[in-house]
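Inside the fold
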Amino acid sequence: MHNMGTVQRREVPFHPRRQLSDDALWRLFIFPTLALLIAMNIFPLFYSLYLSFTDYSAIARKPPVWVGLQNYRSILNDKQLWVYFATTGRYALFSVTLEMVIGFGLAMLLRERFKGSGVITTLILIPMMLSPVVVGLFWKLIYNPSFGIFNYLLGFSDPSKAPDWLANPKLALWAVVIVDVWMWSPFVMLLCLSGLNAIPEYLYEAAVIDRASPWFQFWRITLPQVAPLLLIAVLFRTIEAFKAFDLVMGLTGGGPGDATELIAVNLYRQAFLGQWRTGRSSALAYIILVIIIGVSNVYIRYLNKLRGEG
Amino acid sequence: MGKGGTGRPASIVYAVRVDKIGRRAQLIRVIRAFLAVVIALIFLIPVFWMGTTAFKSRADVVSVPPKIFFKPTLEGFVNLLTERSVLTQALLEAARQRTDLKWYERIALNQGQEIMGLSEYVHRLRNSLIVATGSTVAAVTLGLLAGYAFSRFNVPGKADLLFFILSTRMLPAVVVTIPIFLMYRALGLHDTHLGLILLYTVFNLSLSVWLLKGFIDEIPREYEEAALVDGYTRFQAFRKVVLPQALTGIATTTVFCLIFAWNEYAFALMLTTEKARTAPPSIPAVLGRGGIEWAAIAAGSLGFLIPVMIVTFALRRYLLRGVTFGAIRQ
């Protein structure tokens, strides 16, 4: 743009036009990002809110007709949908709890560095870098009742007596939970590790001088200090559980029957497969959004309380 | 520790006690390390299993009990990457007479088939590559510019703008997919590379802006000010001083954007059909087709996973930092 010769002018400390060009510059730098975000977020958000009050179907060749609250009423009265919500809730509860325990435990193990601990930490992180749908798919092979490795490692040497995790309605949700825990415990571990590393050493030194037991140190120093990060992990994972889609699609597709039909999977089915009930599924999407915002707010309030005390 | 052996009984007792505690601490450390290694191995079993399955022959994949040791073959990869047709007995005999067969053609021939050409997987991997690269470049470039502006200038309403940018990521994809689907259909962006690139760019932007702003915040302003005094323009100072300093941050952000775009499934499933379909939504589709070729599926998953694994491992230091960093800031 400019002639590089201008660089030589050392004696110009103040540009009268710099303020103006700075203003132009940040506008130029920020504008594309904001324009893109607004175009791709605001419009869809309001449009789907509008659609949720209509009977629109994306494959019918007729314009949306306003039906008021009918979609919301029919969803809230649909017993089957509540079953899917309950399944999603159970899935979130089981997987998030297990992820917290395993992730935190792993972080405690890897907290003090030893030879090769860096490599081990990285290796444990591999699952969370993978594509959930690929993960779902190859776990299908691992769960296979006759030649999968999972039952074999659990000690079922006779395939005919081994459980078929993905075909048994009682086990299928657990099968999905196990994979989710495998994939996301590393994420919790990572958060906990950063929390553990941030605990000031003098707290422990003071505790040692006071002859506090390791147990006491754990409950009174370690856990409270990591709690905010644990809560962030719970928040992230719970939100993700309510949106869970790709892992389940790869692993079970919602089956057997509707044993693993999570709410996001059902939403996809209503919106795109066979039914194409665009208006109604927009309403369902909004209900899910409200639930996620509600849950997040409870967590964030609690988190702020924790931070205020800490 | 027990350094001074003065011979006084009290200090000997003390030294022995310290030694005992030291040995116990040592033992705990060893147990800890051992447990960590065992758990890491458990975490790696599925990855290992997929990696080995990709190299198994049909018989070895379905052997009971599962085989850990086997004779590796590239059958799975050949089946994955090529389209084949079944040969009649006469044609098969004729093909067997030929001497100029390549090794992969021989594998197909052993199954009574002939290679017709490259399979859809190749096409979809190419789509994945285009979409992931395009959206990552766009997200990191835009994020860098916006991050720099937010870090260095008095943008009015900065806090609100930053929160708005972050909030776009909080929205569940399920809420926006339907209107985006309709919008894309109306604009002709359905089933195009550009459509997916735009969408992934938008999705990654919040993270990209926040991460890069954080990294640029840490670069001292004095560097640029010195450059400005030397007569550089703002833009030159940005390009020649800030950019090289921000390389670590750019690398971290790139990895995160790339991993997301490479792995994304839901949008790709709903917004593409044939032309621009990426690999993730087509992988489960393979399962539906008649007999399950596990070796080919494992090979496909492995091929899809290896780039991410390499990137992850190469940039692990930055990655660990970036993850915790983003999480704490949010």
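Computed from a predicted model, the values in this text were never measured in an experiment. (Residues numbered from 1 in each chain as written. Chains lettered and ligands numbered in written order. Predicted model: local features only at pLDDT ≥ 70, side-chain atom pairs only at ≥ 80, totals over all residues. Heavy atoms only, no water.)

As a further point, take the overall build of chain A. Scanning chain A from N- to C-terminus turns up twelve helices and zero strands. Counting from the amino terminus, helix and strand elements in chain A follow one another as α-α-α-α-α-α-α-α-α-α-α-α. Here the C-alpha radius of gyration of chain A, 26 Å, is well above what a compact globule of 310 residues would show, namely 19 Å. Considered along the principal axes of its C-alpha atoms, chain A spans approximately 85 × 70 × 40 Å. Across the 310 residues of chain A, 53% fall into the buried class. Restricting to contacts in chain A with at least 6 residues of sequence separation, those with at least 24 account for 66%. Within the structure as shown, chain A displays about 15300 Å² of accessible surface, and the carbon and sulfur contribution to it stands at 64%. Across chain A, the centroid of the 26 positively charged side chains sits 5 Å from that of the 18 negatively charged ones. (Helix = DSSP H or I, 4+ residues; strand = E, 2+ residues; numbered from the N terminus. Rg over C-alpha atoms; globule rule 2.2 N^0.38 Å. Buried < 20%, exposed > 50% of the residue type's maximum accessible area, 1.4 Å probe, protein only. Contact = heavy atoms within 4.5 Å. Areas by Shrake-Rupley, 256 points an atom, 1.4 Å probe, with all protein chains shown as cover. Lys, Arg positive; Asp, Glu negative; His and termini not counted. Charge placed at Lys NZ, Arg CZ, Asp CG, Glu CD.)

Attention shifts here to the environment of Arg269 of chain A. Residues and elements named next belong to chain A. Note on placement: Arg269 falls in helix α11 (residues 263-272). Separated by twelve residues in sequence, Arg269 and Ser281 place their C-alpha atoms 9.1 Å apart. When sequence neighbours within four positions are dropped, the list of residues in contact with Arg269 reads Gly253, Gly254, Glu261 and Gln275. A distance of 2.9 Å separates a polar atom in the side chain of Arg269 from a polar atom in the side chain of Glu261. (Polar contact = N/O pair within 3.5 Å; in protein donor to acceptor, adjacent residues only side chain to side chain.)

All names here are of chain B. Taken residue by residue, chain B gives an average pLDDT of 83. The fraction at 70 or more is 87%. Averaged pLDDT values over the elements of chain B bottom out at 57 in helix α16 (residues 316-329) and peak at 93 in helix α6 (residues 120-152). When the criterion is pLDDT under 50, residues 1-7 qualifies, and its contacts beyond four places in sequence or with other chains add up to five contacts. Scored below 50 in pLDDT, residues 326-330 shows ten contacts in the model against residues more than four places distant or in partner chains. Across the whole predicted complex the pTM is 0.83, and at the interface the ipTM reaches 0.81. (pLDDT = per-residue confidence, 0-100.)

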